[in-house]
Structures are given as structure tokens and as C-alpha cells.
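So the chains spell out like this:
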Amino acid sequence: MAAVQQSELEEDNGQGKNDWSIPLCFVQGYHSENVTRCVYPPRCQLKWRIREKIRTVSIGLAMCMNIGVDPPDVFRPSPCARDECWTNPFSLNTNSALETITDSLQKQYEQWQARARFKVCLDPTLEDVKKCVSSLRRHAKDERVLFHYNGHGVPRPTRNGEVWVFNKHYTQYIPLSLYDLQDWLSTPALMVWECNNAGICVEEYEQFAKQHDDDMRMRMIHDLSGAPPMAYSRTIQLGACGADETLPLHSSLPADLFTACLTTPIRAAILYWKKQSFQGVPNAENFSYELVPGRISDRRTPLGELNWIFTAVTDTIAWNVLDRETFQSLFRQDQLVASLFRNFLLACRVMPVFGCHPVSRPQLPLDVGNHWMWRAWDIALDGIIRQISDSKQDGPLPYEPSSFFADHLKSFEVWLKNGWDTERLPEHLPIVLQVLLSAAHRVPALKLLVSFLDLGPHAVLMSLQVGILPYVSKLLHSPAKELRSMLVFVWAKIISVDPSVRNELVKDNGFPYFIDALTDYASPEAAKQSDYLAQAAFVLATLVQDYPVEPCVCSGSCNCAPLNQIPLNHRQETCCNAGLTTVLLNLLAAESATLRRWCLLCLGRMWRGNVRTRAKGMSVHAHLKLFPLVTDPSPEVRTALVFALRCFLSEEEECVGESSGGDDCSHESFRGIVIDQAIGSALSQLVHDGCHLVRMELCTALERLVTIFKKEFSMAVNQVRCEQHNIGNIHSSVNFSALNRTTPSSSPLAAPPYSSSGTPGIVTAAHSPFDFSAAAVASAAATTATASSTLNTTSSCPVVRSSSSTEEEDEWVRVSYDVSGTHTDSDDPRSPGGPSYQPPPSSPNLTQFRGAKFLSTFPEAAVVLSRQAGLTLEFPPAVCRSLAFNTDRSTGKTGSCPVMAPIGDGLTTPEKNLEDLTSHMQSPGETPASTAMLSTFASNCASMWRAILLLDEDPHPEVQQMGRQVRQLVQGPIEPPTREKRAVSLTMSLPSSPARPTRHLPGLAAHVHDALNQVPPSQHGRSKHGSAHRDLTATRSNDSLSSVESISRLFSFSRGGSTAAVSTVPEELNGPALSRSSTALSHAQRAQTAPSTPAHRHSNVASTGNDSSILQSTICEDEFGDDDVMISNLTSGFDNWSTAQFSLPALEREKELDRDGQCFLERHWRFEQNKAVRRQCLRNKSKYGDKLHLDDQQFLCRGNEVPTAMRFHPYQSELVVSDKCGITVFDLEKGDTRHVVHNRCSREGKIVTLDYINAHEKALLLTGSSDGCIRLWRNYATPHQEELVTAWRALNELLPMSGGVTSGLVVDWEQESGVLFASGYSKVIRVWDTQREQIIQDIPTCANSCITSISSDIAGRSLLIAGCGDGTVRLYDRRLSAQNSLVHMLKEHAGWVVKVFLEQAAGLGNIITASTAGDVLYWDPRFTKSVKSINTLATISCMDVHPNYPVFAVGSKSRCIKIYSITSGERISTIQHHEGFIGQRIQPVTTLGFHPYKALLGAGFSDSLVSVYRDLK
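Residues numbered from 1 in each chain as written. Predicted model: local features only at pLDDT ≥ 70, side-chain atom pairs only at ≥ 80, totals over all residues. Heavy atoms only, no water.

A look at the overall build of the chain
Across its full length, the chain carries 47 helices and 44 strands. Scored against the burial criterion, the 1513 residues of the chain give a buried share of 59%. In the form shown here, the chain has an accessible surface area of approximately 60,700 Å², with 50% of it arising from carbon and sulfur atoms. (Helix = DSSP H or I, 4+ residues; strand = E, 2+ residues; numbered from the N terminus. Buried < 20%, exposed > 50% of the residue type's maximum accessible area, 1.4 Å probe, protein only. Areas by Shrake-Rupley, 256 points an atom, 1.4 Å probe, with all protein chains shown as cover.)

In C-alpha cells form, the structure reads like this:
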């Protein structure tokens, strides 16, 4: 950190450091959001869907006109309005006039609803109306019926709710009650009242509707049938005028002006235009509708364009004046209703000019006729009419489309750039959607729509409410490739807000559009636009995802619709059959991390819960193509990889079917088993990943693997217990210097080895699938023989060998024995009979593994399937030779290995007997192939179990919680042992051969082993609720107790000796009685596995003291029973969180770079403040130089514990001090404590290092503890608001030193490169890339002691300085290979090196080091001897160098602090007392720290005091 700040000053040079170029670390979305609590989709927001789709299927026309006879209450002057449906009835024959008018009205309605069923009543009677309406309702059923009433020939409606019809002889007017009409018509209905005083009809009909609804509710109270009530009040009504108004009678107007506006709006609008007397159009009074050429349905003609503009204008008016629910119900529910209400808006504009005010239910605002969009309509209409008029005068001219849409697109663009607001509606949005239908304006409209949708979920919801879905659905069938990227973005935004729209994609067959987009990845245009490819993958991933249908939390009037309409398996198989699997696998090599992530998520979702899609993935070896991504540089890609591989695992139902007696003898079933094993082996490497998100997802995958391999995991627990004991003995006996000859991954808990390919432990299939030829088997055996050839022994604790592992690496994880069972080194204390010997667990039984039937029947085919699955088998050398070659004893010639020959879809028996291989069989049914397979399975499960143990101790609390749940699936809940749950331990000595230890157990031990093996598997199981265990215990308690008592009496336990006295064996122990007692004691053994220390947490074997020579083997059953039912319910939330991210603005980075934006201004102000601090430092440095006394005490405060480390914030008045388990934040200006943060260290760990991440921006606090864990904190200085950003284990294992003294965790941070160096008492210096959150390099220390201090070269980024506990200073070159990285070793210090400092100033590069012996040395990295030496104190405990001033300070346990000049080496000042009246003597100094830019020195003392000193100048 100090080196970074000094480098900043040098580059600053008084002109200001460019803080904008310094990268920010740990600022990804998952660092600031709670991924596990992400809820998707947000159901409360989905209010855009219409609650119910209702169509108008029947139309009734009641024409009460009585042409030639005026009603008694209406006076018609002469001349007056006579035209009906633009037809003068008096110009036709009286008998045919009514029919002609009715036919015209029917044709006008057919323009808006061509498929409607019409019923016509001409001057009807009461019975005619009843028959007509009843017939319409029967035909419409639950759909809407439109009833058009023309009452121009009858009296006005009455206040009693009556309209008029005729009697049979047309001699009287008969009242028709609206209540009766409502009964006949029922609901839903649409009423059009074309008559005088139409408002009366609307009001009375509404009143009767409320009365009907009340009657229906009362009827429902007494009716228990459960039939839903009909809502009469939802009837839509349109009236020509108010309750006290009459229709206009002007002779230039049609008599049915209201109907003309509803059914022929363009013609009515032109008529209204003529009445306005627009200037500039010649012969405007002679212009008529018939002069407009074209068709309404053709938008390229003037008439079609007028209709298109009119639709856009009326939709925009409705969008701006209506609430969302009313807009959707009237303008998006039914095509006929939407058309009539658009035209009704025109009537609201036209008719008030003539003294009529149309009414409607639901009621519209009064100002809809005066909206500003009508002026835009007038301008567009005037321009088109003028162009038509000019064409008539000057001859035919080419028609030029109106500029209406281009102008409004420009207005929308201006609004997006300058005036967008989340609370304000986008006024032009309906026009943008209308433009999507035009090829000429489609591209600019889509660009604007993309910008609008990127504003956030509220913009997407507005677009859905206005009706974007039908438009973009049609565009999916467009072949234009220039639209592809924009359409994919639009669909990605829509589907991220509401995934239910995927149903439209499947129904309309629109998903191939996105598969085609991914297929075009090879094209240069697509390769440049990787973002839209990731969006296409996201759309397809959501298409194959299933979301739970939750109860709606909205009010009863919400428009939420069910999300799942099309079955998930249908969607998965549809996409899989379209070739999506191959397309996605090919895209995994793309450069875009987002694209790779969504390809993996899409693959995982397509495989999840679907056997057919997984089978297709197996056929193309999908998992082998996913394995290389284990080392992907993107943490989110690695998390998605774990998710995809988890979904590729077998389902629980398949495992339950096999374990319950299902057919596991097919090669497909066994291939699934070995693929699961290979996936588990690959995933276990990610336990060392630095990203907590990866480890959380890994917990979910391990939970699935535990469910699949229940029995195998139960044996792996005992195997790892044995390993941990032997590893503990290795740590105490092995020479530490020899460990540095191995690679960084040689530790059993270390990170996986790094191979040149970046894919550890993966074997790529060299043969085609289902190749069971002799060459295939020989190749498999030869491949596995390579892994075993370096071992002349058979491992008792087998592990999966990676392609890059070496013999030295296995020293950490194996206790090797030769084939005969004797250890190769007889002097090793771990050899049989030695003081530290721990025998391996008994060999696994073939019947205890899944796929045992196939393995015992077709062992060679199993080998081939394992190789093709990418699983490396462990063959003993002799077995490898037997499998690879078959020697003919009669001729002495070498032939091929017997193999399985494929016939059709099945497998035959071997071609010849395997007599040559029977010598290696351990028991009936076992072969060398099965032995190697069982060893490999056991090794994989042991490796996965070790990963689970590490996750159970993870520093991140969420990962630790999930890991603990997975561990409890194997071991059960950890609870302290009680007297009732006490295990029986057998103490005995064993012979020297560990190959089959149970065969050599003397006396009682052999009988115990035989008795345990005789127990049927079903007796070891438990039912789902533990009933089987209770029944077994209850029925056999007497036998169990007698067995336990007999064992207790016969065995004498001696803690001081190594041999147990064994008496004669009672006869009752020769049977199965003792085995039954183990079932009753199973929970007791689980209770004894309570955690203690990380190294031996799950071991019930003492590893130190005199007990090291005693074997305490507990009688225990399998951790799982056969009848256990395990429920996989762990989830990391990464899947839903990734989906929710797409709904957020994607162009946020552009907003951050906007120089007028708030974000940019805030960062600019902060960076200017940083620049001012650095400039002040330069001025003070040039003024004072090394003349800083730093003996004036500015600050003194007492902490909670003894300080262990401290750090000044570079740019704020803040000091952070750590102690054993917490962090204290001090305010230097106020002189008090701001906040105390608990670091959540383990019991064995304490905070030993502090640093700031992103100090130039919003700082994060890094804490390193002695257990090797690093934690990052946000808001650490604000009480009760501190947040853990991330945490990981920087070093997997810190080895203990002799005497218990260790440096703990030592780190060095480079902000500019984002690199973190970590070491301690470890054989490596681990280099972490915090952008990737993974290890990028392990540098062997080549030291016999711990690393105590690290300093790196920021300028060249190649030199690394490390101080060691043996007094040496080592220089490493990071550019060289790991074996040659050590370039210098400086050996002049006489004690523990407490500090190394590398000067970063230009042209210097000197090294300053200090040791506990009090000597401070100056080094030139070009030479191996120091250039200067300063003796400070007899002993020093801590030392620090100011990164910008030429001074350093040393502190001692002798209660003294001295400050020296780096330039002259002279002592500047000495601090021995605190300031004050008494002047108390300071206590031993535990830590020192300089401020990076100010002349401040901080010190911590053993009495928990913290002091800050300054220079009085």
C-alpha cells in the first residue's frame, strides 16, 4: 500500500495524479447486493397484462327510424340533417331505404370487426328486439355483444329507463324497458345510443346495472352452486349526446353524426376540416372524402396513411389522459372496442362544436377533445389534402409520405436526452410503437425504443402497458439482419422484467430467431457485437427456466397473470431439438465473459430436471467441453459453470430408482454415474476459489453429489479421518525445506495444480463414444498407468491424480505402501508398527457403490466409459499391465486385452474369459477394473468430502452456513455427546501389513469385523423420519446392550501404552449381535465428530502425545442409510440474481462518464481532494526533508485489546487499528472512536494485517487474520452499517513452527494492478488477481522458515522482496518460472526480519530491511551485500518506513520508539513517555505505522493504548 502511494506522488509531479486511471476492485454487483435474497420475478410489478380477454363476436342493429314519419316530440326544420350512414333516405324508395341504410351501417362495422355475427331489427317490435338480443347472447356465450340503437324515428328516452319501439301495425310507440333489455342482453355488452337525450339511456342503464349486480349478490348468498356472478356494471356505453341535449340538425351534417364519427372517422374528420375553413388549400369547400385515393389498409396510400396517423394520434391521447387500467381495458383488450373508442375521441372533438357532448361509460376526461395532439392531426391532414389538391391541378404527382412520424420520433429523442423522468409518462411512446410497422422508420424507432427500455423496469412496464408485445412479436419473423441486435435487446429487456412473455415466444415460434442470432457468431458483424449475443442467450435461458407461481400480493384489481402456461419440459426439449446445445457449446470460447456466462446458464437450465436434454448433452460430451472453464478469469463465468455442471448431474429420482433395485446395468446408466464422478472431481477444485459466489454455488453442487453418492460419502468420511491423522504426522516429521521442491498444490488442502492447459485432472476422450475396442481399453489402461507408474505402492487413501501432478505432490496426501503391504521406508514412524502408524480403512465393498451391477458384469466397458467421461482411474501397475496386454501362455505372444463388443444398443458378454485377470480379484465379482473403479470413486468422494470440510470453515458466513448444511447431510447435526450416546472404542495393535488390515485383526477384532460385514444393508438404514432406526433399536436393544457390555468388560483401555489386553472371545460375539449394536450407536459416533480444530475437525483420533501410537477405531455404520430420503434445497440465488441484472440499465457506464451527471461530479470532487493532499505532501517534503521529529502526541486513546496492526487512511482523517478479534476506527480530528467492527475470525485466528482497497474512491477495509483468511468491509466506519463485501482463504494452510511462533498472514496490496500477495509460514507466496478473484501465480519461498514481510515493485511489477524468520531477505522475479523465481538471497541479518521496504521513487529502487536484532540494512538489488547499516536498538519488535518522507521508526519491547533519517542514518527523536502531567512511561510497542502523505506516526502498545505523534512544524 505504501509503495502505491509513493508511486502516485512520483507520477503526480505536482500536476495531479490521474485517479481516473486507477482501477476499482471488488465493485461488481454481487459485491454490493445480497445475491441469496434476490427474488425474481418481482410479482408485485407485473400489472400490465389484461385480466381477461373478451372479444365482440355479435352485433345487433336496432333501426327504429320510421322513415317519412317524424316522432311527436321532435321538430325537424326544413332543410335539416337527413343523411343516415352517408345516405339520403328520401332519395331512395321508401321500402328499400331502411334496408340500404342498415346494409351501409353493417359494412361500416365490418371494417372494424369483419368476423362478427350481425342481427338486424328494422323498425322492430318488442318481441323482435327480445328475439334478436336473446339470439345474439346465445351465440356469443361469454363474449361481448354490441347493441346499436338508432332512435331517430321514435320519441326520446324517458326518465323511467325506457326507449321506444313499434307495435306490429306501426300505429303505436311501445316502451322498451332498459331493465328488460339488460336481462335479455346480459353481460358483457357494448351499448351504442344514437338518439336524442342519449345521456338518459346511459344513466338509467347504469342504474339498472347496479341493481342487477345487487340482486346477483343477494342471490349468491342463498345459492350454494358457486357460479361466478355477472358484473352488469362493467357494460360499456357510448351515447351521442347528454341527457338534456338533442342531435344537431344542420343540413350540412349527417343526421347520425355520432355514428359517422364512430364508424367512418376519416370521412367525418375531413367533413370537420372543411367546417374549420383552413386557408391555403384551393377549393377546400369542394374537397370530399371520395377524392382521397388509396385504401385504408394500405399505409403507403394517402387514405391508408391518414388512417395510420389517426390511430397514432388517438392512441397517444388515450395514453396521456387515461389511467393504465382503463387504457388497457378499452384500447388493448378488444379490437372493435379499441376502434370505437379511438373514433369516440374524434366525436368528443367534433360534436361539441355543434352543441352535443358525447357521453361514455367508463367516463373519459372532458378535455380529450382539446388535447394538443389534435393540432398535430390537423397539420398532417392539411398537408395530405393540400398535396392531393395540388396533384389534381398540376396532374399526377408522386405521393410524398407525411413527416408526422419523423417529427414525433425527433421529439421523443429530445425527450430521452434531456427530459426523461421516472414519474412522467413518455407522451410519444404510442407513436413510436406505431412506427415499428413502417419499414421506412423502423430502424430509428427501434433505436429509440432500445434507449427507452434501458431506463429501467419502469420503462419496460410502460412499454408493455402501451402494447409493445404484438409489435415486437411480428418483427421476429422479419428477415432483416440490421434489426437483429436491437430486437434481441428489446426482448431481453422485456423478458427480464416479465418472464411470462416466453409463452408468446413458444406459441408464435419466435425462439428460433434467437438461436439464429447465436449461430451467426462466426460472422464479423456478430463477433463485434457480443452484447447482443449474450442477450440472445439470456432470452433462451429464460425460455427454458421455470419460475414458481406465487399467490398475487396485489389488490383484487391487479392484472397479474400466471407465469407458467407451457410445460417446462416442452420448452426445454423444443430448444434442445432445435440444436441449441451445440450452438451454446461452440460459444464457450467467446471472448465476452457475459456471453460465456449466459451460455452456461442456458445450458444448465435446459438440462435441469430433464433426462432427455441431459442425454443429448452426454452424447456430445458436453461436460468435457465445460471443464476447461474451471480456470476462467471471470468469477461469474465460473459460478455459472458450477451451476451448469450441477444441473448436468443425475436427478435424485434416478438415484433413488437405482438404489431401490432399479436397473443400473445399462451402459447409459453407468455412463451417468462416471460422469457424475468426473464432475465432482472437477468441481472440488473450486473450493479454493477467491470468489464467494463460486463457493456458494459449489455448496449446492456438492449437496447434489452427496445425495447421489450417499454410500460412497459415508466411506469417504472414514477415509479422510485416517488421512488427516497421517497428514498431521507428516507435518510433525517431514523436513520443511523439502516441501519447497513441490508445486504449490502439493498440500492436501491447497489449490489444484495448474497445468499448461489450465484444466487440471481432465482427460479428453480420444476415442468415439461407446468404443469398446481393444485399442480403447488399452488406451484407457495406459492412461491410468501413467498416473500410477510413479508409485511403486498401492495407496491406502487414494486420490484422483491430475495430469500435471507429480510424485512429490502426493507426499502430502498419500501414505504409500507397496503391493505386498509393507512400507517402502522401514524407518518411517508412520510405517506399520511405528509410533505414528494409522491404518487405512478397510477396502470398499463392490456392492456399496452405485453401478455395481454393471461394473461387476462389464468391467472393461466401464473402463472405457470412464475414460470417455473424463475420469482418471487409479490402476495399480500390475493391473495396468494386465489390462493393457494379454499374454498367450502357449505361444508367449502378447495380444490385446479382452473387451466388450457393442451390438446394437446393448452390450454382449466378454469375447473370452478373463482368466489372466482373476489373479487380481479381491473377492467374487471383483476384477482389476472394478478395483480401480472403486478406488477412483472412493478418491473422488474423499476429495469432495475435503472440499465440504473446507466450506464448513469458510470465512464468508453465507458460504460457511451452506457448507455446514452440506456437511450435516453426511454426518447429521453436530451435537455434544451424552452418556446415552457414547461410542465404544476398540484399542489394539496391528501387524505390519496394512493391505487388508481386517484379515489380520487378532482374536476379537477379526470377529468384530466379520460380524459387521454380515449385517444386511437394509439394517444399516434409516427411514425418512428415523422410524427404521427406532424400530431396529427397540427390537434388538437387549442384544445390543449385551454386546456393548461384553466389549466393555473384555477390553482394557490404556492411555499410556500401545497394546490392549485381549481376553478370550465370547461366543455371542461370533454372530451378528455386535453388528446390530453398531446401528444403535450410530448417532453417538456422529456426535463425536464435533468440530475442534481445522486440521482435525472431523477426526476422532488423537494426533499428539502418547496416544499417537494407539488406534481408536469406532464401531460405526454408514453415515447414510439405504432408506434415507434427502431433499436438495440449497440455492445460492445466482441464477435469479443474474436474470434480474438484465432489467437494470445497461448503459449506466455512459451515464457515469457524463460530465454533467451527478456521479461524475462527485468523483471529480473526490479526486481533486486527493490531488490536494498529494500536492501538500510534496510541498512539505521539499520544505522539511528528513527534519521531522514526530514527538508531539496528537492523539491518545485506549482500545479494547492489544493492537496488532494499524493503518492511516491516505485521504481522510481516519485511523484503523486491529486487535485480536476486532477493528477499531478512530477519528483523528475529534480524537475519539467512531466504530468497532467484529472481524468474525475463527477461535485460532487474530487480525495481523490491515490495508485499504480503493482508497482513492470509496474505500474498503481489508483485514487479514492469522488463520489465512482475508475479509473486506464496506461502511466500516459507520455504526451498525458495516457490510462484509467478500471473504476468502488467501492461504489454505499455514504450517505451525516449532515453538508455536509464526508470522501469521502477511500481505502486500497493489491497487494499480489489483494484485494481492499473501504468504506466511507457507512454502509459497501466493499471488491473487482480485479482478479475477483467483490465484494467478504461486512463487515457492525456498525457505526453511516463515515469510514475515513482503514488498513489491510497483513500477516494473517484476521484483518481489520477502523477509524471512531466519533473517534472510529473498528477492524474487515474478517474470521467471516458479523453479527459477528466486534470484537473490541476502543473509546479513541476525534475527527475524520485521520489515522490508522497497523505495518506489524514480531512479532509486533501494531496499530497506530491519530485523529483531535491531539492525537496519540498506540494499541495492543489484548486489548481494548491504550498502549501509544502522544499529538502532538492542531488540526491536516493529518497524515502519514513511513512503514519502525520508524517515523510518522502530519500536521495541523495551518501551521505546526511535525515529531515524534514511538519508543520514542519524536518530531524529526518541519517544519513551506519554505526554501529560505525570508523563507515564510507554509500554512495549506492538505495532507502528506512518501516514502515507502526512507527517504522522501511529503506535500501539501492549496496554491497549493507541497514540498518534506529529511534528510541531
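Some thoughts on the sheet that holds strand S44 (residues 1505-1510)
Strand order in the open sheet made by the four strands is S17-S44-S43-S42, with antiparallel pairing throughout. Strands at the two margins of the open sheet, each flanked by one partner only, are strand S17 (1192-1198) and strand S42 (1485-1490). Strand-to-strand, the axes of this sheet are offset by a mean angle of 20°, without reference to chain direction. (Pairing = 2+ DSSP bridges. Axes fitted to C-alpha atoms, helices over the stretch in contact; angles between N-to-C directions.)

Comments concerning helix H15 (residues 442-453)
Taking 1.5 Å as the rise per residue, H15 with 12 residues should run 16 Å; its terminal C-alpha atoms sit 16 Å apart, in good agreement. Three or more residues of H15 are buried, namely Arg-442, Ala-445, Leu-446, Leu-448, Leu-449, Val-450, Phe-452 and Leu-453. (Expected span 1.5 Å × (residues − 1).)

What about the packing of helix H30 (residues 667-683) against helix H36 (residues 859-868)?
It is at 9 Å that the axes of H30 and H36 come closest, and there the two elements cross at 50°. The pairing of H30 with H36 is recorded here as oblique in orientation. Our pair here, H30 against H36, has a crossing hand that is right-handed. Facing H30, whose interface residues are His-667, Phe-670, Arg-671 and Val-674, H36 presents Ala-862, Leu-865 and Ser-866. For the contact of H30 with H36, the residue count by class is four nonpolar, two polar and one charged. (Parallel < 35°, antiparallel > 145°, perpendicular 65-115°, else oblique. Left-handed = near helix turned anticlockwise from the far one by under 90°. Contact = heavy atoms within 4.5 Å. Nonpolar A, V, L, I, M, F, W, Y, C, P; charged D, E, K, R; others polar.)

Some words on helix H11 (residues 335-350)
Between its first and last C-alpha atoms H11 spans 23 Å; for 16 residues at 1.5 Å apiece the expected length is 22 Å, and the two agree. Among the 16 residues that make up H11, 15 are buried, leaving the element largely enclosed by the rest of the structure.

Notes on the sheet that holds strand S38 (residues 1438-1441)
The strand order across the open sheet formed by four strands is S38-S39-S40-S41, and the pairing between neighbours is antiparallel. Every other strand in the sheet has two partners, leaving S38 and strand S41 (1467-1471) as the edge strands with one partner each. The average angle at which neighbouring strand axes cross in this sheet is 15°, direction not considered. Here strand S40 (residues 1456-1461) pairs with S41 via four bridges, running antiparallel.

Some thoughts on the confidence of the model for the chain
Per-residue pLDDT for the chain averages 75, and the proportion of residues at 70 or more is 70%. Across residues 731-838 the pLDDT falls below 50, and counting only partners more than four positions away or on other chains, this stretch makes 249 contacts in the model. This stretch, residues 881-925, has a pLDDT under 50; its non-local contacts, to residues over four places away or in other chains, come to 78 contacts. (pLDDT = per-residue confidence, 0-100.)

A closer look at the side chain of Thr-102
One can find Thr-102 in helix H3 (residues 94-110). Within the structure, the side chain of Thr-102 is placed 2.8 Å from the backbone oxygen of Leu-98, a separation counted as a polar contact. Residues within four places of Thr-102 in sequence aside, it is in contact with Leu-61, Met-63, Val-120 and Leu-122. (Polar contact = N/O pair within 3.5 Å; in protein donor to acceptor, adjacent residues only side chain to side chain.)

Regarding the pattern of salt bridges
All chains considered together, the criterion is met by 41 salt bridges. Between Arg-349 and Asp-378 there is a salt bridge; the shortest N-O distance is 2.4 Å. Taken together, the residues Arg-349 in helix H11 and Asp-378 in helix H12 (residues 373-394) connect sequence positions 29 residues apart. Note on Arg-349: relative accessible area 13%, which makes it buried. Notably, a salt bridge pairs Asp-632 with Arg-596, separated by 2.9 Å at the nearest N-O pair. Taken together, the residues span a long stretch of sequence, with Asp-632 in the loop between helix H27 (622-626) and helix H28 (635-648) and Arg-596 in helix H25 (residues 593-607) at a distance of 36 residues. It is possible to trace a salt-bridge network through shared partners that takes in Asp-315, Arg-332 and Arg-342. (Salt bridge = Lys/Arg side-chain N within 4 Å of Asp/Glu carboxyl O.)

Examining the environment of Ser-1502
Mapping Ser-1502 onto the fold places it in the loop between strand S43 (1496-1501) and S44. C-alpha separation for the pair Ser-1502 and Lys-1453, spaced 49 residues apart in sequence, amounts to 8.9 Å. The residues contacting Ser-1502, other than those within four sequence positions of it, are Val-1202, Gln-1483, Pro-1484 and Thr-1486.

Looking at the pairing of strand S23 (residues 1260-1265)
The buried fraction of S23 is high, at six of six residues. The alternating pattern of S23 places Leu-1260, Leu-1262 and Gly-1264 and Leu-1261, Thr-1263 and Ser-1265 on opposite faces, both of which are buried. Examined bridge by bridge, strand S22 (residues 1247-1253) and S23 share six bridges and lie antiparallel to one another. Each residue of the ladder has a partner; that of Asp-1251, found in S23, is Leu-1262. Alignment of S23 against strand S24 (residues 1269-1274), held across four bridges, turns out to be antiparallel. Counted as the bridge partner of Leu-1261 is Trp-1273 from S24. The hairpin formed by S23 and S24 contains three residues between the paired strands, and Gly-1268 there has a positive phi angle of roughly 90°.

Observations concerning unusual backbone geometry
In this structure, the amide linkage connecting Thr-187 to the following residue, Pro-188, adopts the cis form with an omega of 5°. Within the secondary structure layout, Pro-188 lies in the loop between helix H5 (178-185) and strand S6 (189-194). Looking along the chain, the bond that leaves Arg-361 and enters Pro-362 is cis, with omega of 5°. Within the secondary structure, Pro-362 sits in the loop between strand S8 (359-361) and H12. Of note, Asn-1254 is a non-glycine position whose phi angle comes to about 55°, a positive value. With respect to the helices and strands, Asn-1254 occurs in the loop between S22 and S23. With relative accessibility at 2%, the residue Asn-1254 sits in the buried group. One non-glycine residue, Glu-1333, lies in positive phi territory at about 60°. The topology assignment puts Glu-1333 in the loop between strand S28 (1324-1329) and strand S29 (1334-1340). Residue Glu-1333 is classed as buried on the basis of its relative accessible area of 3%.

Remarks on the packing of aromatic side chains
For the structure on display, the rule yields 34 aromatic pairs. Arranged with centres 5.6 Å apart and planes meeting at 15°, the rings of Phe-327 and Phe-331 form a pair that is stacked. Residue Phe-327 and its partner Phe-331 are located together in helix H10 (residues 324-331), separated by four residues, close to a single helical turn. Grouping residues by exposure puts Phe-327 and Phe-331 together as buried. In this structure, Arg-299 is placed above the aromatic ring of Trp-308, and the distance from its NZ or CZ to the ring centre is 5.4 Å. The lysine or arginine in question, Arg-324, covers the ring of Trp-319, its NZ or CZ lying 4.0 Å from the ring centre. (Phe/Tyr/Trp six-rings, centres within 6.5 Å; stacked < 30°, edge-to-face > 60°. Lys NZ or Arg CZ within 6 Å of the ring centre and 35° of its normal.)

Brief notes about the packing of helix H16 (residues 457-466) against helix H18 (residues 484-497)
Contact geometry of H16 with H18 gives a least axis separation of 9 Å together with a crossing angle of 100°. Judged by the angle between their axes, H16 and H18 are roughly perpendicular. Here H16 contributes Pro-457, Val-460, Leu-461 and Leu-464 to the contact with H18, which in turn contributes Lys-493, Ile-494 and Val-497.

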